[in-house]
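What follows is each chain in one-letter form.
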Amino acid sequence: MKARVQYTEALHGRLNPPSSKNYTTRYLLVAALADGDSIVHHPAQSQDADVLQRCLVDLGAEIREETDDKGGRRLHVRGFGANPAHPGVLNVGNAGAVARMLMGVGALLPDIRFETPFPESLGQRPHDELFAGLQQLGATVVSPDGRLPATIRGGSLHGGSVRVSGSRSSQFLSSLLLLAPLVGQDIHIEVTDALLSRPLVHTTLEVMREAGIVVEAAEDLMSFRIAGGQSYSPREYSVNGDWPSSAAVLAAGALTNSGIIVERLFDDRQGERAVLGLLRDMGVDVSWDGQCVELRGHRGLRGMDFDGDQATDAVLAMLPLAAHAEGTSRFYGIGNLRYKECDRIAVPVAELRRFGVDCHEEEDAIIVRGRPEGYEGGHEAATHHDHRVAQMQAIMGLRSRRGVVVLEAETVGKSYPAFFSDLAALGAVIDMDKD
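Draft legend 1. Just the overall build of the protein, in detail. Across its full length, the protein holds 12 helices and 24 strands. If you take every contact in the protein between residues at least 6 apart in sequence, the share linking residues at least 24 apart comes to 74%. Summed over its atoms, the accessible surface of the protein is roughly 15800 Å², and 44% of this surface lies on carbon and sulfur atoms. Once the 43 positive and 58 negative side-chain charges of the protein are each reduced to a mean point, those two points are 1 Å apart.

Below you can see the structure in the form of structure tokens.
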């Protein structure tokens, strides 16, 4: 599918964003790991969420969709507790976080094989730090170069001390934390080096505590103690709006100098809330009342420096703003973006250069020298099987004189299936071509 994005003067209106992908993943996981019935209100609807639900059903959970009295969507989950079923093989699609969280669950089984039909994307992402952690708990892992496909042989795990690296992804740590209460013995987890994406670790701990798990965490999140003999309790959960998805819409609104309101954005542990400060630093008039974010335009964007580690899923959405700002912008602390669906440092730089943007990459940074007068565009833009790249291309197209044609536009469905239709509802000029 192609999305033909044309130059758009301005966006207007209110938007109810998708629900949080990261909270949905964790709530569904702890619901499945509970022995009993849980309800997850307002779960995210995306390819990743669909993959997770399918895999949890394969592992023995019963999940049915319901509608509440107000017409809201909810999922009723009957969990399998510490005793997942044996599916033999789990197809985890292109969902990296889902795959890594489920690898911890899979270690409860005598053996399980994880596969992906996306060898050029998820199949290239490394998981060896997680595999090393699982092996310290008594599992064995057979994997080519720490990647998928991988076979995990567990079932007889033990407690003790586990050392895990946090230098490439916090998902390895989150997977071990979610598994730890079900091992049956006390576990001490120590992070051996720098820990990236700390807000997501806070999210994991928050959800575990809601599910009745006690975790002793050091203030710096570099060590954790989880007592054995704990179990996840059935609960009701409600998922907030998704800050990463909303960041893309806010970027589109700021770039088009628009007045828009994005609803259902609450004060939670999602790190991408940091885009509010970034937008203000760039000169955008933006406010947040704890529930809604309102943009009221700007008098010209200005370059800035931004620590992207606090909001990794918003960096690519903000690059088009930097490309149109006066001065130089630097997004730093983003080395872990090289290990996502694609290399989210090298690929965005190459794609922005196709528009004519003056930018370059460093080992863990992207440097952009903006041009407020804008760019010509008019070309076909690749997504590289990455939903964040697709969003970045579309946002650039909104302010390119000849627009842009986003190829494989359906890629946005991984996290935000309604991305293009929501932008169109706000006034963006977008034509979808299924050919």
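Draft legend 2. Representation of the sheet that holds strand β24 (residues 430–433) in the model. On the basis of which strands lie adjacent, the open sheet formed by 4 strands has the order β22-β23-β1-β24 and mixed pairing. Of all the strands in the sheet, just β22 (380–381) and β24 have a single pairing partner and so form its edges. Here β22 pairs with strand β23 (residues 404–406) via 2 bridges, running parallel. Note on β23: the bridge partner recorded for Glu380 is Val405.

Draft legend 3. Looking closely at helix α2 (residues 47–58). The end-to-end C-alpha separation of α2 is 17 Å, in line with the 16 Å expected for 12 residues at 1.5 Å each. Buried residues of α2: Asp48, Ala49, Val51, Leu52, Gln53, Cys55 and Leu56, and no others. Tucked into the core, α2 has its buried residues touching α1 (21–32), β4 (62–67), β5 (73–78), β6 (89–91) and α3 (96–106). A positive phi of about 115° marks Gly60, the residue just after α2.

Draft legend 4. Region of the structure containing the packing of aromatic side chains. Going through the model one piece at a time under the given rule, you end up with 6 aromatic pairs. On the basis of an interplanar angle of 40° and a centroid distance of 5.8 Å, the ring pair of Tyr23 and Tyr27 is categorised as tilted. Of this pair, Tyr23 and Tyr27 both sit in helix α1, separated by 4 residues, roughly a single helical turn. No difference in accessibility class separates Tyr23 from Tyr27, as the two residues are buried. Centroid distance Trp243 to Trp288: 5.7 Å. Interplanar angle 80°. Geometry classified as edge-to-face.

Draft legend 5. Geometry of the sheet that holds strand β19 (residues 328–332). One open sheet accounts for 4 strands, arranged β18-β19-β21-β20; its pairing is mixed. If you trace the sheet from one side to the other, it starts and ends with β18 (305–307) and β20 (358–362), each paired once. On average, each strand axis in the sheet is tilted by 10° relative to the strand beside it, whichever way the strands run. Relative to strand β21 (residues 365–369), β19 runs antiparallel, the two sharing 5 bridges. Note that in β21 the partner of Thr328 across the bridge is Arg369. Along the sheet, helix α9 (residues 315–323) contacts β19 and β21; its crossing angle with β19, the most-contacted strand, is approximately 165°.

Draft legend 6. Seen up close, the pattern of salt bridges. Following the criterion strictly, the structure yields 28 salt bridges and no others. With a closest N to O distance of 2.7 Å, Arg14 and Glu263 form a salt bridge. Of this pair, Arg14 sits in strand β2 (residues 12–15) while Glu263 sits in the loop between β15 (259–262) and α8 (275–281); the two residues are 249 residues apart in sequence, bridging distant segments of the chain. On the basis of relative accessible area, Arg14 is assigned to the exposed category, the value being 51%. Notably, a salt bridge pairs Glu341 with Arg344, separated by 2.7 Å at the nearest N-O pair.

Draft legend 7. Examining the pairing of β4 more closely. Looking at chain direction, β4 and β5 are connected through 6 bridges and run antiparallel. Looking at the pairing, Glu66 lines up with Arg74 of β5. What sits between β4 and β5 in their antiparallel hairpin is a turn of 5 residues, with Gly71 showing a positive phi close to 85°.

Draft legend 8. Structural context of the environment of Ser38. Residue placement: Ser38 occurs in strand β3 (residues 37–41). We classify Ser38 as buried; its relative accessible area is 1%. Separated by 372 residues in the primary sequence, Ser38 and Glu410 have C-alpha atoms spaced 32 Å apart. The residues touching Ser38, leaving out its near neighbours within four places in the chain, are Ala31, Leu75, His76, Val77, Pro234, Arg235 and Tyr237.

Draft legend 9. Representation of unusual backbone geometry within the structure. With an omega dihedral of 5°, the bond running from Leu148 to Pro149 counts as a cis peptide bond. Even without being glycine, Leu221 reaches a positive phi, approximately 60°. Residue position: Leu221 is located in the loop between β12 (215–217) and β13 (223–226). Positive phi is not limited to glycine here, since Glu408 has a value of about 50°. Inspection of the secondary structure puts Glu408 in the loop between β23 and α12 (419–425). The class of Glu408 is partly exposed, set by a relative accessible area of 36%.

Criteria and thresholds
- Residues numbered from 1 in each chain as written.
- Predicted model: local features only at pLDDT ≥ 70, side-chain atom pairs only at ≥ 80, totals over all residues.
- Heavy atoms only, no water.
- Helix = DSSP H or I, 4+ residues; strand = E, 2+ residues; numbered from the N terminus.
- Contact = heavy atoms within 4.5 Å.
- Areas by Shrake-Rupley, 256 points an atom, 1.4 Å probe, with all protein chains shown as cover.
- Lys, Arg positive; Asp, Glu negative; His and termini not counted.
- Charge placed at Lys NZ, Arg CZ, Asp CG, Glu CD.
- Pairing = 2+ DSSP bridges.
- Expected span 1.5 Å × (residues − 1).
- Buried < 20%, exposed > 50% of the residue type's maximum accessible area, 1.4 Å probe, protein only.
- Phe/Tyr/Trp six-rings, centres within 6.5 Å; stacked < 30°, edge-to-face > 60°.
- Axes fitted to C-alpha atoms, helices over the stretch in contact; angles between N-to-C directions.
- Salt bridge = Lys/Arg side-chain N within 4 Å of Asp/Glu carboxyl O.

It is worth stressing that arrangement in space is one thing and function is another; only the former is reported here.
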